[in-house]
Structure formats: C-alpha cells, structure tokens
Amino acid sequence: MPTNYYMFFLTALIPMIVGAVYYHPKVVGGPWMKTNGFTEESLQKGNMALIFGLAYLFAVIICLPLSGLVIHQSGVVASAMSTTEPGVWSPQAVNDINSFMASYGTSFRTFGHGLLHGIIAALFIGLPIFGTISLFERRGWKYILIHLGYWVITLGLM
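A brief look at the structure comes next. Since we're looking at a predicted model, the values are computed, not measured. (Residues numbered from 1 in each chain as written. Predicted model: local features only at pLDDT ≥ 70, side-chain atom pairs only at ≥ 80, totals over all residues. Heavy atoms only, no water.)

Further remarks concern the packing of aromatic side chains. Tallying each qualifying case throughout the model produces seven aromatic pairs. Measuring from ring centre to ring centre gives 5.1 Å for Tyr22 and Tyr23, while their planes differ by 80°; the resulting arrangement is edge-to-face. Between Tyr22 and Tyr150 the ring centres are 5.9 Å apart and the planes differ by 50°, which places this aromatic pair in the tilted class. Note that Tyr22 is positioned in helix α2 (residues 14–22) and Tyr150 in helix α9 (residues 141–157), a separation of 128 residues in sequence. The exposure class assigned to Tyr22 is buried, which follows from its relative accessible area of 13%. Taken together, the ring pairs in this structure connect Tyr22, Tyr23, Trp32, Phe38, Tyr150 and Trp151 into an aromatic cluster. Between Arg139 and the ring centre of Tyr143, over which it is positioned, the NZ or CZ distance is 4.5 Å. (Phe/Tyr/Trp six-rings, centres within 6.5 Å; stacked < 30°, edge-to-face > 60°. Helix = DSSP H or I, 4+ residues; strand = E, 2+ residues; numbered from the N terminus. Buried < 20%, exposed > 50% of the residue type's maximum accessible area, 1.4 Å probe, protein only. Lys NZ or Arg CZ within 6 Å of the ring centre and 35° of its normal.)

And the structure:
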C-alpha cells in the first residue's frame with residue numbers, strides 16, 4: 001500500500017488544534033500558565049509566527065516515525081531492505097514479501113489501533129523525555145502531568 005505523504009502535513013495540524021483547545025485558559029491553560037508563571041500579556045510577547053512555524057515543522061517530524069510505529073507492515077519491508085543477508089532479495093523472497101503484503105498489508109489499520117499506539121508512544125517515549133527535562137528544570141509533577149495529558153491526546157489522534 002503506497003504512502004500518502006500529504007497526510008503527514010495534514011496530520012501535523014492535530015497538535016495545533018488540540019493545543020488550541022487543551023491549553024485554553026478555561027481548560028488546562030490556567031493551571032499551565034500558573035505553573036510557568038505566565039500571564040496572558042506575557043504570552044502575547046513571543047514571536048508567534050516563529051513559534052507556530054517551528055511547532056508545525058516539529059509536528060511533521062513527529063508524524064514520520066509515528067507512522068512506522070503504527071503500521072507494522074512497514075517493519076517487514078524495512079527489515080528486508082536493510083539486510084545484507086545473501087538471498088534475501090531472491091525471487092522467492094520477493095514473492096514471499098509480496099504475498100505477505102497481499103494477505104496482511106491492510107491489517108490493523110483502524111483508528112483504535114492507531115490510538116493505542118499513539119498513547120503508548122506518549123507514555124513510553126514522550127513521558128521519559130519531557131519528564132527527565134522537567135525534573136532537571138525543577139518542575140513539579142503537575143507540570144509533567146499537564147503536558148502528558150496533551151501528548152496522550154495529541155499522539156493518540158495523530
């Protein structure tokens with residue numbers, strides 16, 4: 001099944017949309033601003049074009065490996081392509097890969113399956129990364145849990 005690269009750019013909008021709702025002052029934005037010592041006025045002083053532009057670029061970068069985590073079949077093809085084992089690219093091996101893809105190429109391509117992997121990525125990749133940074137920055141658990149909630153929702157939807 002061919003990759004639809006346009007979807008990466010569309011999917012990269014999800015963190016922006018979720019962030020606009022999640023970090024709104026009437027949702028989690030109030031506690032987030034208080035935890036950081038921000039005010040509505042101080043948030044307006046940033047270079048918003050640069051912030052949103054880089055945030056979108058980072059979201060596109062997140063989409064690329066996330067797709068590989070969710071679509072398991074890409075691992076079969078990638079492992080075959082990366083091996084130097086003699087005979088892997090024999091006509092029989094190519095037929096086996098093509099047969100596998102014909103039988104299972106569209107398996108596990110549901111929203112629920114993607115949601116599960118997004119949540120797993122947030123908990124087992126995102127949390128350790130920003131949790132470690134937060135601890136060294138002397139941030140509290142409230143700060144960590146606020147961001148964890150955002151990334152669980154965001155990566156789940158992505």
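The next thing to look at is helix α5 (residues 48–70). When the terminal C-alpha atoms of α5 are compared, their 32 Å separation across 23 residues agrees well with the 33 Å that a helix rising 1.5 Å per residue should span. Looking at α5, one finds that the buried residues are Ala59, Val60, Cys63, Leu66 and Val70. Looking at the buried positions of α5, the neighbouring elements they touch are α1 (6–11), α2, α8 (111–136) and α9. (Expected span 1.5 Å × (residues − 1). Contact = heavy atoms within 4.5 Å.)

Attention shifts here to unusual backbone geometry. In this structure, Arg138 takes a positive phi of about 65° despite not being glycine. Assignment of secondary structure puts Arg138 in the loop between α8 and α9.

Where helix α3 (residues 25–36) contacts α9, the two axes come as close as 10 Å, and the packing angle between them is 140°. When the axis of α3 is compared with that of α9, the two are oblique. As for how α3 packs across α9, the hand of that crossing is left-handed. Two secondary-structure elements touch here, α3 through Val28, Pro31, Trp32, Thr35 and Asn36 and α9 through Lys142, Tyr143, Ile146 and His147. (Axes fitted to C-alpha atoms, helices over the stretch in contact; angles between N-to-C directions. Parallel < 35°, antiparallel > 145°, perpendicular 65-115°, else oblique. Left-handed = near helix turned anticlockwise from the far one by under 90°.)

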